[in-house]
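Per-entry structural report
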Amino acid sequence: MIDYNKVLNQSFVDIKPSGIRKFFDIAEQMKDVISLGVGEPDFPTPWHIRSEGIRSLEKGKTRYTSNHGLLTMREEISKFVDRKYGVKYDPVDEILVTVGGSEAIDGAIRALVGPGDEVIIPQPSYVCYEPITILAGGTPVIIETKAENEFKITPEELRAAISPRTKALILPYPCNPTGAVMRKSDLEAIAQVLKETNIIVISDEIYAELTFGGEKHTCFAAIDGMRERTIVVNGFSKAYSMTGWRMGYACGPREILNQITKIHQFAIMCAPTTSQYAAIEALKNGDEDIARMVEEYDMRRRIIVDGFNKLGLTCREPLGAFYAFPCISSTGMTSEEFCEKLLYSKSVALVPGPAFGKGGEGFVRASYCYSIDHIKTALERIGEFLKEIG
Amino acid sequence: MNIKLLKLLGKNARYSVAELATMLGADEKTVKDQIFEMEKSGLIRGYKAVIDWEKLDSAAVSALIELKVSPQADYGFEEIAKRVMMYPEVESVYLMSGGYDLCVTVRSKTFQQVAMFVAKELSTIDAVVSTATHFILRRYKELDVILTDGDDDRGNFSL
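Residues numbered from 1 in each chain as written. Chains lettered and ligands numbered in written order. Predicted model: local features only at pLDDT ≥ 70, side-chain atom pairs only at ≥ 80, totals over all residues. Heavy atoms only, no water.

1. Section: the overall build of chain A
Condition: Put simply, DSSP marks the helices as runs of H or I at least four residues long and the strands as runs of E at least two long, and each gets a number from the N terminus on. Computation of the radius of gyration draws on C-alpha atoms alone. For the globule rule, the value is 2.2 Å times the number of residues to the power 0.38. Accessibility here uses a 1.4 Å probe with only protein chains present; expressed as a share of the type maximum, an area under 20% marks a residue as buried, one over 50% as exposed, and anything in between as partly exposed. Throughout, a contact is declared for two residues whenever any of their heavy atoms are within 4.5 Å. Here the accessible surface of atoms and residues is derived via Shrake-Rupley with a 1.4 Å probe, and residues count as covered only by protein chains that are part of the display. In this count, Lys and Arg are taken as positive residues and Asp and Glu as negative ones, while His and the chain termini are left out. Where a charge sits is defined by one atom per residue type, namely NZ (Lys), CZ (Arg), CG (Asp) or CD (Glu).
Helix and strand content of chain A: 14 helices and twelve strands. Scaling as 2.2 N^0.38, a compact globule of 390 residues should have a C-alpha radius of gyration of about 21 Å, and chain A matches this with 21 Å. Principal-axis analysis of the C-alpha atoms gives chain A an extent of 60 × 60 × 50 Å. Within the span of chain A, comprising 390 residues, buried residues form 57% of the whole. Sequence separation of 24 or more characterises 76% of the internal contacts of chain A that already satisfy a separation of 6 or more. Counting only carbon and sulfur atoms, one obtains 51% of the accessible surface of chain A, whose full area is about 16,500 Å². Treating the 45 positive side-chain charges of chain A as one cloud and the 52 negative ones as another, the clouds have centres 2 Å apart.

The structure is reproduced here in structure tokens:
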């Protein structure tokens, strides 16, 4: 009999599945749930993009691509990033096509972090940064961003988190789950703190195309002096509704990108070929799709934010991604209690804020990747729930 | 804002003025006034439910009828169309380019009734040269609304 405790990697085993896992397991099995729980778009991938994927299969493009990804793909990414964010990257060796943004984050952290290194992670944020840091032997240093700062990190918080061992800073904006964005001036203040250090920034900009209220996304690498210390992570899942295609990319200085590419080469070989052909079409002809979806998200966003506020659950205006992050502390419940009771009594699924880090306590995440009617039904039921609990 | 407002109403005419105002980031009075103006000017002609008649047991029968007509000097396409559209069975009438002139959709209770309507009412109009009747077997999408049940395969959660 094998004693699995002895054969498994202890540093991985020690990563505790979040306590909330139990809640998810129950919820996932319930039927007829009005869910606001998913973090992926409801739109199908635009047809012309799917069609290019199909065409590539018909043409027999079913082999490996270069480890970096198709050169055409990297050229299109280079043009896109320049056109949208005003940053230039050499398609030859400063861009890597990855299996979703997730692989780019994993590769970036692994390329930078070794035992004893610290990685500064603002939370509430997406769940992968902390475990990947631990797997690389590093130590996560959490900054709990505050609602009163609109869940942005401040230069003071950053300064306090930096130590001689700090290797990297994760910048997860626009932010899942808070919907927070860092404007150009906010990023410039962060840049001031970083300027005299050797800290590398991993800027997870997967929601960059989904911002609201007029002002466009600012890429951290576009901030004066920051390009040399930034790995930009982006991808196609959110902007083009392409989650299942697993298409992402990393851009950065070649000295760093070469190392990430090495990891990618050994672990992955290359990103899926069919998906790369589809993604090329997205980059070339997808601007209108994004505009259409953003317009739709924007209307849903206004309805859901207005709805929560009218129900007395204070909800700031999220300026990016596709989540509302209302405060439920007025109910006297913890986030998990709130979500559990709401699920059992009204079959409405929300994600408890602490799923994204301790600082999420008192909040819940509501995705608005759903039709207006669906959102309205969910809000009505949440209203009934609030009345019942008095 | 008018176009956006129209698009929203075109999608779902039952949004309340308050909801429309929220979605458009406008105030309620402006939205209300604009809707009133558009109704008055005839830009908005009406509001109806999109009904999937096939879900009823006593299902209705629909047909699309191609009409070739020969307009006269004092009796042009418009007059013919006006005559055709007066029948209560007729759901819509369009003037077409291409192989025929008027496209008429008709709904009635049975195949027989539709056939008789074409034979007795439409074919007998002097200006009508010929008809071709196509029965509609199934509707998949009607007025922008998909009539097949949705297939959201995303599950309840993903982070």
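2. Re the packing of aromatic side chains
For clarity, the cut-off: We call Phe, Tyr and Trp rings a pair once their centres come within 6.5 Å, taking the six-membered ring for Trp, and we label the pair stacked below 30 degrees between planes, edge-to-face above 60, and tilted otherwise. In this analysis the charged atom, NZ for Lys or CZ for Arg, is taken to sit over a ring once it is within 6 Å of the ring centre and within 35 degrees of the ring normal.
Under the counting rule described, the total for this entry stands at 19 aromatic pairs over all chains. These aromatic residues form a ring-pair network of at least three members: Phe43(A), Tyr207(A), Tyr297(A), Phe322(A) and Tyr323(A). Above the plane of the ring of Tyr370(A) lies Arg154(B), whose end atom (NZ or CZ) is 4.6 Å from the centre.

3. As for the sheet that holds strand 6 (residues 200–204) of chain A
All names here are of chain A. We apply this condition: A pair of strands is considered paired only if DSSP assigns at least 2 bridges between the two. As a rule, the C-alpha atoms of each element are fitted with a line to give its axis, helices using only the stretch in contact, and angles between N-to-C directions run from 0 to 180 degrees.
Sheet architecture is open: seven strands sit in the order 2-8-7-6-5-3-4, paired in mixed fashion. The open sheet has two free edges, formed respectively by strand 2 (95–98) and strand 4 (139–144), since each of these has just one partner strand. When the angles between neighbouring strand axes are averaged without regard to direction, this sheet yields 20 degrees. Relative to strand 7 (residues 230–235), strand 6 runs parallel, the two sharing four bridges. In the strand pairing of strand 7, Ile202 is matched with Ile231. Against the sheet, helix 5 (residues 71–85) touches strand 2, strand 7 and strand 8 (248–251), its axis set at about 110 degrees to strand 2. Relative to strand 2, helix 10 (residues 254–267) is tilted by about 25 degrees, and along the sheet it contacts strand 2, strand 6, strand 7 and strand 8.

4. Examining the interface of chain B and chain A
Selection criterion: A quick way to say it: buried area is the sum, across both parts, of accessible area lost when two parts are put together, with a 1.4 Å probe. We count a salt bridge whenever a side-chain nitrogen from Lys or Arg sits within 4 Å of a carboxyl oxygen from Asp or Glu.
On the chain A side, the residues contacting the 18 residues of chain B number 33 residues. Both faces considered, chain B and chain A share a buried interface measuring about 2,100 Å² in area, 55% of it formed by carbon and sulfur atoms. Considering only the surface of chain B that becomes buried against chain A, Arg154(B), Phe157(B) and Leu159(B) emerge as the three largest contributors, covering 41% of it. In this assembly, chain B and chain A are joined by two salt bridges. In this structure, Lys376(A) engages Glu19(B) in a salt bridge whose closest nitrogen and oxygen atoms are separated by 3.1 Å.

5. Observations concerning helix 3 (residues 28–41) of chain B
Count 3.6 residues to each turn of an α-helix, and residues three or four apart come out pointing the same way. Residues and elements named next belong to chain B. Heads up, the rule is: Expected helix span is given by 1.5 Å per residue-to-residue step, counting one fewer step than there are residues. Working note: the arc is built from the helix axis to C-beta atom directions.
A rise of 1.5 Å per residue sets the reference length of helix 3, with its 14 residues, at 20 Å; its end C-alpha atoms lie 20 Å apart and thus fit the reference within 8%. Of all the residues in helix 3, the buried ones are Val31, Ile35 and Met38. Along helix 3, the residues classed as buried sweep out an arc of 65 degrees about the axis, all on the same side. Exposed side chains of helix 3 directed beyond 90 degrees from the buried face belong to Lys29, Lys32, Lys40 and Ser41. Buried residues belonging to helix 3 abut helix 1 (2–11) and helix 2 (17–24). Count one or two residues on from helix 3 and you reach Gly42, which has phi positive near 85 degrees.

6. A short note on the pattern of salt bridges
Applying the stated criterion across every chain, the model contains 31 salt bridges over all chains. A salt bridge links Asp186(A) to Lys152(A); the shortest N-O distance between them is 2.9 Å. Residue Asp186(A) is located in helix 9 (residues 184–194), and its partner Lys152(A) is located in the loop between strand 4 and helix 8 (155–161); the two are separated by 34 residues in the primary sequence. The same class applies to Asp186(A) and to Lys152(A), which are both buried. Connected via shared salt-bridge partners are Asp42(A), Glu296(A), Arg300(A) and Lys11(B).

7. Quick look at the domain arrangement of chain B
For clarity, the cut-off: Domain limits in this description derive from either an automatic procedure or a database domain assignment.
Taken domain by domain, chain B comprises domain 1 (2–41) and domain 2 (53–139). Averaged C-alpha coordinates put domain 1 of chain B and domain 2 of chain B at centres separated by 34 Å.

8. Considerations on the domain arrangement of chain A
All names here are of chain A. The cut-off we apply is this: Polar contact is the term for a pair of N or O atoms within 3.5 Å; when the atoms are in protein, one must be able to donate a hydrogen and the other to accept it, and sequence-neighboring residues count only if both atoms are side-chain atoms. Under the grouping applied here, Gly and all other residues not named as nonpolar or charged are polar, the nonpolar ones being Ala, Val, Leu, Ile, Met, Phe, Trp, Tyr, Cys and Pro and the charged ones Asp, Glu, Lys and Arg.
We note that the domain assignment places domain 1 (4–45 + 288–385) and domain 2 (47–285) within chain A. For domain 1 and domain 2, the distance between their C-alpha centroids amounts to 24 Å. Each partner contributes to the roughly 3,000 Å² buried at the junction of domain 1 and domain 2, and carbon and sulfur atoms together form 63% of this total. Counting across the interface, domain 1 meets domain 2 through zero salt bridges. For the pair domain 1 and domain 2, the interface holds 16 residue pairs in polar contact (both at pLDDT 80 or more). The set of elements that each furnish at least two residues to the side of domain 1 that touches domain 2 consists of helix 2 (10–13), helix 12 (287–310) and strand 9 (323–324). Tallying contributions element by element places helix 12 first for the side of domain 1 that touches domain 2, with seven residues. Of the residues that constitute the side of domain 1 that touches domain 2, the class distribution is 20 nonpolar, seven polar and seven charged.

9. With respect to the side chain of Arg301(A)
Residues and elements named next belong to chain A. Mapped onto the secondary structure, Arg301 falls in helix 12. There is a polar contact of 2.8 Å between the side chain of Arg301 and the side chain of Glu317. If we skip the residues at most four places from it in the chain, Arg301 touches Phe212, Glu317, Pro318, Leu319 and Tyr368.

10. Topic: the nonpolar core
Residues and elements named next belong to chain A. Short version of the rule: Remark: nonpolar core denotes a set of buried residues (Ala, Val, Leu, Ile, Met, Phe, Trp, Tyr, Cys) joined through side-chain atoms within 4.5 Å.
Among the nonpolar cores identified, the biggest contains 94 residues, and Met73, Phe236, Tyr240, Ile304 and Phe338 are the most heavily contacted of them. It is helix 12 that provides the largest number of residues to this core, a total of nine residues. Ignoring any residue separated from it by four or fewer positions in sequence, one finds Phe236 in contact with Met73, Ser241, Met242, Met247, Gly248, Tyr249, Ala279, Ala282 and Leu283. The next biggest cluster of nonpolar side chains, apart from the first, holds 26 residues, and it includes Val141, Leu158, Tyr173 and Leu187.

11. Thoughts on unusual backbone geometry
All names here are of chain A. The linkage connecting Tyr173 with the following residue, Pro174, adopts the cis geometry, with an omega of -5 degrees. Along the chain, the position of Pro174 falls in the loop between strand 5 (166–171) and helix 9. Pro177 follows Asn176 through a cis peptide bond whose omega is 20 degrees. Secondary-structure assignment places Pro177 in the loop between strand 5 and helix 9. Positive phi, close to 60 degrees, is recorded for Ala321, a residue that is not glycine. Note that Ala321 resides in the loop between helix 12 and strand 9.

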